[in-house]
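So you can see what is in the structure, the chains are spelled out below.
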Amino acid sequence: MKDDTDLASSSPPTMPNIKPEEVHDSMEGNCEREEHALEKHVAFFDRNHDGLVYPWETYEGFRAIGCGIPLSAISAILINLALSHKTRPEQGKFPSLLFPIEVANIHKAKHGSDSGVYDSKGRFVPEKFEAIFRRHARTHPDALTSDELLEMLRSNREPKDYKGWVASWSEWQVLYYLCKDNKGLLPKGTIHGVYDGSLFERMAKERESSTKKS
């Protein structure tokens, strides 16, 4: 590999046709790996912090944020069945009957018909997040009503992407059910907390605190 002196003396240098995203990925590979927003979103359910989320951990995570036993059990089964094989694509890995989800590969399990707030690498895209409220928050500038939420989901639908429709609808309906305020609004700050991974931790701490008081 040439040093800076060699590069400066080259006339002209021959540059390979490298795409910007490939440069970014290469830089990431040479630096300490950054945990992306989507990984932080999922990491709450990695209860023992080993980089894998098993169905019983998904169940425990849902219970920790206040979901009932039936919803937690159904969510654990469906989520791990749907995502496990997508996050374990490396050759040589045998399918696991325990259906673990690999947190570091969660971006490989992104479904269609979503808001686009996570890019293909699982990174948070502020412009897409702000677009949710610019386009759909008509009643209140910093919150979504139930009808506005449904409108957003319809606008994000990709043709014949039925799995993506169901996945998006399920995710947002659970969020609305758990986090709407006393006016039936889903606040912007709450939605942001979902994307950056902070909401679940906060909900678990609040639930634990109220349980101790009672």
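Residues numbered from 1 in each chain as written. Predicted model: local features only at pLDDT ≥ 70, side-chain atom pairs only at ≥ 80, totals over all residues. Heavy atoms only, no water.

## Some thoughts on the state of the cysteines
Working definition: the covalent bond between the sulfur atoms of two cysteines is a disulfide. Which entries qualify depends on this criterion: By definition, disulfides here are pairs of cysteine sulfur atoms that lie within 2.5 Å.
For the structure on display, the rule yields 0 disulfides. No disulfide involves C67; its sulfur sits 9.0 Å from the nearest other cysteine sulfur, which is in C179.

## Topic: the packing of helix α6 (residues 126–136) against helix α7 (residues 146–156)
This is how it is decided: All axes here are fitted lines through C-alpha atoms, helices being fitted over the stretch that makes contact, and every angle between N-to-C directions spans 0 to 180 degrees. Helix and strand labels come from DSSP, where a helix needs a run of H or I of at least four residues and a strand needs a run of E of at least two; each type is numbered from the N terminus. In a left-handed crossing the near helix is turned counterclockwise from the far helix by less than a right angle, and in a right-handed crossing that turn is clockwise. Whether two residues are in contact is decided by their heavy atoms: any pair within 4.5 Å suffices. For this classification, Asp, Glu, Lys and Arg are treated as charged, while Ala, Val, Leu, Ile, Met, Phe, Trp, Tyr, Cys and Pro are nonpolar and the rest, including Gly, are polar.
With their axes 10 Å apart at the nearest point, α6 and α7 run at an angle of 115° to one another. Seen from above, α6 lies across α7 with right-handed handedness. Listed contacts from α7 to I132, R135 and H136 of α6 are E148, E151, M152 and S155. Here the contact of α6 with α7 is built from residues that sort into 2 nonpolar, 2 polar and 3 charged.

## Description of the packing of aromatic side chains
Centre distance and the angle of the planes are the two values used to describe a pair of aromatic rings. Just so we agree on the cut-off: Only Phe, Tyr and Trp rings are paired, with Trp represented by its six-membered ring, and only when their centres lie within 6.5 Å; those with planes under 30 degrees apart are stacked, over 60 edge-to-face, the remainder tilted. Any Lys NZ or Arg CZ that is within 6 Å of a ring centre and within 35 degrees of that ring's normal is treated as a charge sitting over the ring.
Counted under the stated rule, the structure contains 12 aromatic pairs. Taken together, the aromatic side chains of Y118, F124, F129, F133, W172 and Y195 make up a single cluster linked through ring pairs. Across from the ring centre of W165, 4.9 Å away, lies the NZ or CZ of R157, which sits over that ring. Directly above the aromatic system of F133 lies the positively charged group of K188, at a separation of 5.4 Å from the ring centroid.

## Concerning helix α10 (residues 198–213)
Basically, it comes down to this: Expected helix span is taken as 1.5 Å per residue step, with the number of steps being one fewer than the number of residues. Buried residues are those whose accessible area, probed at 1.4 Å on protein chains only, stays under 20% of the maximum for their type, while exposed residues exceed 50% and partly exposed ones sit between those limits. Taken from the helix axis, the directions to the C-beta atoms give the arc we talk about.
Given a rise of 1.5 Å per residue, 16 residues ought to cover 22 Å, and the 23 Å separating the end C-alpha atoms of α10 matches this to within 8%. Among all positions of α10, only L199, F200, M203 and A204 are buried. All buried residues of α10 lie within an arc of 130° about the axis, which places them on one face of the element. For α10, the exposed residues lying more than 90 degrees away from the buried face are K205, K212 and K213.

## What about the nonpolar core?
Rules: Here, nonpolar core refers to any group of buried Ala, Val, Leu, Ile, Met, Phe, Trp, Tyr and Cys residues whose side-chain atoms link them within 4.5 Å.
Core analysis: the largest hydrophobic core is formed by 36 residues, its most contacted members being L144, W172, I191 and Y195. The set of elements that each furnish at least two residues to this core consists of α3 (37–43), α4 (55–64), α6, α7, α8 (162–179), α9 (188–196) and α10. Ignoring any residue separated from it by four or fewer positions in sequence, one finds I191 in contact with F129, F133, L144, W172 and L186.

## With respect to the confidence of the model for the chain
Filter applied, for reference: The pLDDT value expresses, per residue, how confident the predictor is, ranging between 0 and 100.
Model confidence for the chain is summarised by a mean pLDDT of 86, while 81% of its residues fall at 70 or above. Here residues 4–33 scores under 50 on pLDDT; set against residues more than four positions off or in separate chains, the count is 9 contacts.

## Some points on the pattern of salt bridges
Test applied: Each reported salt bridge corresponds to a side-chain nitrogen of Lys or Arg within 4 Å of a carboxyl oxygen of Asp or Glu.
Applying the stated criterion across every chain, the model contains 6 salt bridges. We note a salt bridge from R88 to E102, for which the minimum N-O separation is 3.4 Å. One end of the pair, R88, is in the loop between α5 (69–83) and β2 (101–102); the other, E102, is in strand β2, and 14 residues separate them in sequence. E102 shares its class with R88; the two are buried. Notably, a salt bridge pairs D114 with K110, separated by 3.1 Å at the nearest N-O pair.

## Describing unusual backbone geometry
Apart from glycine, the bulk of residues carry a negative phi angle, and the bulk of peptide bonds sit in the trans form. Positive phi, close to 55°, is recorded for H49, a residue that is not glycine. Even without a glycine there, the phi angle at F99 is positive, about 50°. Residue position: F99 is located in the loop between α5 and β2.

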